[in-house]
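This is what each chain is made of:
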Amino acid sequence: MTADIWRVYQRLFKRGFHSGKKRNNIHSGSEVDVLNNWGRHLRELPFFEGLTEHELAPILQISRLRTLKDKEILFMEGDKRTHVYVLGKGTILISKLTETGEESLINVLGEGEIFPHTGFFDQAPYPGTAKAKKDVKVLAIPIERFEMLIKNHPELAFRMIQVMNEKIVFLQKKLNEVLSLNVEARLMGALAHLQETQGNTIFLTHQEIGNIIGSTRETVSRQLKKWEKNNWVEVKKDRIILIKDFND
C-alpha cells in the first residue's frame, strides 16, 4: 500500500465512514480492503482512467462511503447540490415530479455510474430525486473537490462532456419513443437499455417500468405475460429475468 493510500486509510479509520458509530463498508472486509477496493474501482472506471493513486488519494480522503436501504432517498429534487456520487453497488432510480405532482421515473443507474450528470461549476440544485433500489453503496465526493479535480485534469472535462452527451442522446431517444412508438416497442426499447446497463436480472416493479415508458402497470404486466409465454422473459415477484437478447 502506498504512503498516500495509507494516510487516507488512517484518517477514515479514526473518524469512521459516516457520522454514526457504525462504519459504512462498500464491501465486506477490513477498512484497508474497503479503501483499496474503492481506489481500484475508481481507476477502472472510464472517467478516472489514467489517474494515479497519488492523484486519487485527496479525493478518497475527503469522500464518504454511504450504504442505503431499499427505497431510501439519497437526495431530493431541488436539494442543494453538495456531492457527486459514484455508484459502487446496486441500482439508483432517478425521478422528477410532473406539473401535476406525479413522480416520473427518468433514469435507472447501474454500478460504476457517476451522478448527477449536470450542474457542475454553478449553484444549481439536484435536478431529480435519487432513490435506492434494493441495497446500495455509493462513494460521496464533495462537489468542490470534484470540480477542482476536473480543473486540474482537463481531460476529465472532456470525459464529463462525453457522459453528459450520452445522457442527452438517451433522453432524446426516450422522448422520441414516447411520441412515436407503441407501448410494445417502448417496452422492448426500455428492456434493451436495462439489459445493457443492468444485466439480465431487472429489479424493477411493473409500475416503475411503466413510469419509464409512459404507460401503466397493467399494460406492462400484460405485455410481459405475453413475452413470458414466448420464453423471452421470466417474471418473478421481485424481479424480471431477461432470457431474450433485447439488443439483438
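Attention in this report is confined to the structure presented alongside it. Note that this is a predicted model, so its numbers are computed, not measured.

1. Section: the overall build of the chain
For step 1, the next point in the chain: Looking only at helices and strands, the chain has eight helices and nine strands in total.
For step 2, the next point in the chain: Counting contacts in the chain only where the partners sit at least 6 residues apart, residues at least 24 apart contribute 71% of the total.
For step 3, the next point in the chain: Here the chain displays about 13,600 Å² of accessible surface, and carbon together with sulfur accounts for 51% of that area.

2. Some thoughts on the sheet that holds strand β7 (residues 201–202)
What holds strands together in a sheet is hydrogen bonding between their backbones, with the strands either parallel or antiparallel.
For step 1, the next point in the chain: In spatial order, the strands read β7-β9-β8; together these three strands make up an open sheet with antiparallel pairing. What marks the edges here is a single partner per strand, and that holds for β7 and β8 (233–235).
For step 2, the next point in the chain: Where β7 meets strand β9 (residues 240–242), two bridges bridge the pair, whose relative direction is antiparallel. Looking across to β9, one finds that Thr 201 is bridged to Ile 241.
For step 3, the next point in the chain: Against the sheet, helix α8 (residues 217–229) makes contact with β8 and β9, and its axis sits at roughly 125° relative to β8, the strand it touches most.

3. So, the side chain of Glu 208
For step 1, the next point in the chain: Its location among the elements puts Glu 208 in helix α7 (residues 206–213).
For step 2, the next point in the chain: Ignoring any residue separated from it by four or fewer positions in sequence, one finds Glu 208 in contact with Leu 93, Leu 105, Lys 133 and Phe 203.

4. Quick look at the side chain of Lys 133
For step 1, the next point in the chain: In this structure, Lys 133 sits in strand β6 (residues 129–142).
For step 2, the next point in the chain: A distance of 3.0 Å separates a polar atom in the side chain of Lys 133 from a polar atom in the side chain of Glu 208.
For step 3, the next point in the chain: If we skip the residues at most four places from it in the chain, Lys 133 touches Asp 70, Thr 91, Leu 93, Phe 203, Leu 204, Thr 205 and Glu 208.

5. Quick notes on the environment of Val 84
For step 1, the next point in the chain: Counting through the fold element by element, Val 84 comes out in strand β3 (residues 83–97).
For step 2, the next point in the chain: Since its relative accessible area comes to 0%, Val 84 is described here as buried.

6. Considering helix α6 (residues 183–198)
For step 1, the next point in the chain: Between its terminal C-alpha atoms α6 stretches 21 Å, which fits the 22 Å expected from 16 residues at 1.5 Å a residue.
For step 2, the next point in the chain: For α6, the full list of buried residues reads Arg 186, Leu 187, Ala 190, Leu 191, Ala 192, Leu 194 and Gln 195.
For step 3, the next point in the chain: N-capping of α6 is provided by Asn 182, with a side-chain oxygen placed 3.3 Å from the backbone N of Glu 184.
For step 4, the next point in the chain: Downstream of α6 by one or two residues, Gly 199 has phi in the positive range, about 100°.

7. Focus: the packing of aromatic side chains
For step 1, the next point in the chain: Evaluated as defined, the whole model comprises seven aromatic pairs.
For step 2, the next point in the chain: A ring pair is formed by Tyr 85 and Phe 115, whose centres lie 5.6 Å apart and whose planes are at 25°; its orientation type is stacked. Of this pair, Tyr 85 sits in strand β3 while Phe 115 sits in strand β5 (residues 114–115), and the two are 30 residues apart along the sequence.
For step 3, the next point in the chain: The exposure class assigned to Tyr 85 is buried, which follows from its relative accessible area of 3%.
For step 4, the next point in the chain: Through a chain of ring-to-ring contacts, the aromatic side chains of Phe 75, Tyr 85, Phe 115 and Tyr 126 assemble into a single cluster.
For step 5, the next point in the chain: Its guanidinium or amino end placed over the ring of Trp 232, Lys 244 lies 4.7 Å from that ring's centre, counting from NZ or CZ.

Calculation rules
- Residues numbered from 1 in each chain as written.
- Predicted model: local features only at pLDDT ≥ 70, side-chain atom pairs only at ≥ 80, totals over all residues.
- Heavy atoms only, no water.
- Helix = DSSP H or I, 4+ residues; strand = E, 2+ residues; numbered from the N terminus.
- Contact = heavy atoms within 4.5 Å.
- Areas by Shrake-Rupley, 256 points an atom, 1.4 Å probe, with all protein chains shown as cover.
- Pairing = 2+ DSSP bridges.
- Axes fitted to C-alpha atoms, helices over the stretch in contact; angles between N-to-C directions.
- Polar contact = N/O pair within 3.5 Å; in protein donor to acceptor, adjacent residues only side chain to side chain.
- Buried < 20%, exposed > 50% of the residue type's maximum accessible area, 1.4 Å probe, protein only.
- Expected span 1.5 Å × (residues − 1).
- Phe/Tyr/Trp six-rings, centres within 6.5 Å; stacked < 30°, edge-to-face > 60°.
- Lys NZ or Arg CZ within 6 Å of the ring centre and 35° of its normal.

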